[in-house]
Amino acid sequence: GPARGVQRLSAAATGTKKVLVARMRSTTHGQEPTPTINDLKERVFGMGISPVAVNFKSQSAACSENELIIEPGACVSGNTAPGCAEISDGVMNLDLDMDLSPGVDPSAVEYAAVVKLNALGLRDAATADYVMFLFPPGISPWIAYAYINGWSSFYSDT
C-alpha cells in the first residue's frame, strides 16, 4: 500500500498516454462502484451523455501546457483479446469472482484485479499505458494510491 507521509512528486510525463478505467465489481456478491461507466467517461475523458468540461483529460492537458494528452484506452484493430469487447470509450467493468464487501483486504482485491486484467489480455501498452482501478465502497482506507513509476493506480469509491 501507499506510504502514510505526503510527498510532492514531479514527473516529466509528456506525449499521448492511453488510460483504461476499470470498475472492479463482484460477480458473486453484486458489489460495484457507485459511478457508472458513463459517469466515468464524463469525469475522466469528458465524453458520454453529459460530458464534464473539467475532467482528468482536460486538467492533465492544462497542467502540462498540452504536453500530456490523455486518450481513452482501447484495443488496437485486430486485437482479439477476450477483454477488448468489454471496453467502452476507455472504461470497463472488471468482474471479479470474490466478495467485495467493506473490510475486505484491499491488497487481495488489487491482486485479483491485476490477475483478471492480465487474463483478459488487457495489460499491454498498445491497449493502455496506465490503468485506473476503482474499488467498490468501503474497501480501501485511502482516497487513492499508486506506485512510483508504475502503470496502475487505485481509487476509492467517492
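Residues numbered from 1 in each chain as written. Predicted model: local features only at pLDDT ≥ 70, side-chain atom pairs only at ≥ 80, totals over all residues. Heavy atoms only, no water.

A. Fine view of helix 1 (residues 37-45). By the burial criterion, the buried members of helix 1 are Asn38, Leu40, Lys41, Glu42, Val44 and Phe45. Here the buried face of helix 1 lies against strand 1 (15-26), helix 2 (56-63), strand 2 (68-72), strand 3 (91-96) and strand 4 (130-134). Following helix 1 by one or two positions, glycine 46 has its phi on the positive side, about 70 degrees. (Buried < 20%, exposed > 50% of the residue type's maximum accessible area, 1.4 Å probe, protein only. Helix = DSSP H or I, 4+ residues; strand = E, 2+ residues; numbered from the N terminus. Contact = heavy atoms within 4.5 Å.)

B. Quick look at the layout of surface pockets. Of the volumes computed, that of the second largest pocket is approximately 260 Å³. Considering the residues around the second largest pocket, the lining is formed by 13 residues, among which Leu40, Val44, Met132, Leu134 and Tyr155 are closest to the centre. Going through the elements one at a time, helix 1 and strand 4 are the ones with two or more residues in the lining of the second largest pocket. For the lining of the second largest pocket, the residue count by class is 10 nonpolar, 2 polar and 1 charged. (1 Å grid on protein atoms, 1.4 Å probe; cavity = no way out; pocket = protein on both sides within 12 Å on 5 of 7 lines; lining within 4 Å. Points joined across faces, edges and corners; volume = space filled by probe spheres on them. Nonpolar A, V, L, I, M, F, W, Y, C, P; charged D, E, K, R; others polar.)

C. Region of the structure containing the pairing of strand 1. Bridging between strand 1 and strand 2 involves 5 bridges; their strand directions are parallel. Bridge pairing in strand 2 links glycine 15 to leucine 68. Relative to strand 3, strand 1 runs parallel, the two being bridged by 6 bridges. Its bridge partner lying in strand 3, alanine 22 is registered against methionine 92. (Pairing = 2+ DSSP bridges.)

D. Examining helix 3 (residues 106-119) more closely. Here helix 3 contains 14 residues, and its C-alpha end-to-end distance of 20 Å stays within 8% of the 20 Å for a straight helix at 1.5 Å per residue. Residues Pro106, Val109, Glu110, Ala113 and Leu117 constitute the buried set of helix 3. Seen along its axis, helix 3 keeps its buried residues to an arc of 100 degrees; they face one direction. Looking at helix 3, the residues exposed on the side facing more than 90 degrees away from the buried face are Tyr111 and Ala119. Buried residues belonging to helix 3 abut strand 1, strand 3, strand 4, strand 5 (144-146) and strand 6 (152-155). Within two residues after helix 3, glycine 121 carries a phi angle of roughly 75 degrees, on the positive side. (Expected span 1.5 Å × (residues − 1). Arc of directions from axis to C-beta.)

E. Geometry of unusual backbone geometry. A positive phi angle is found at glutamate 65, which is not glycine, with a value near 55 degrees. Within the secondary structure, glutamate 65 is located in the loop between helix 2 and strand 2. If you check the backbone angles, aspartate 89 has positive phi at about 50 degrees while not being a glycine. Looking at where aspartate 89 falls in the secondary structure, it is placed in the loop between strand 2 and strand 3.

F. Spatial organisation of the packing of aromatic side chains. If you walk through the whole model with that rule in mind, you get 6 aromatic pairs. Summarising the aromatic geometry, the rings of tyrosine 145 and tyrosine 147 are spaced 6.1 Å apart at their centres and angled 85 degrees between planes, so their arrangement reads as edge-to-face. Taking the relative accessible area as the measure of exposure, tyrosine 145 reaches 5% and is therefore buried. Through a chain of ring-to-ring contacts, three or more aromatic side chains come together here, namely Phe133, Phe135, Trp142, Tyr145, Tyr147, Trp151 and Phe154. Directly above the ring of tryptophan 151 sits arginine 123, whose terminal nitrogen or CZ lies 4.0 Å from the centroid. (Phe/Tyr/Trp six-rings, centres within 6.5 Å; stacked < 30°, edge-to-face > 60°. Lys NZ or Arg CZ within 6 Å of the ring centre and 35° of its normal.)

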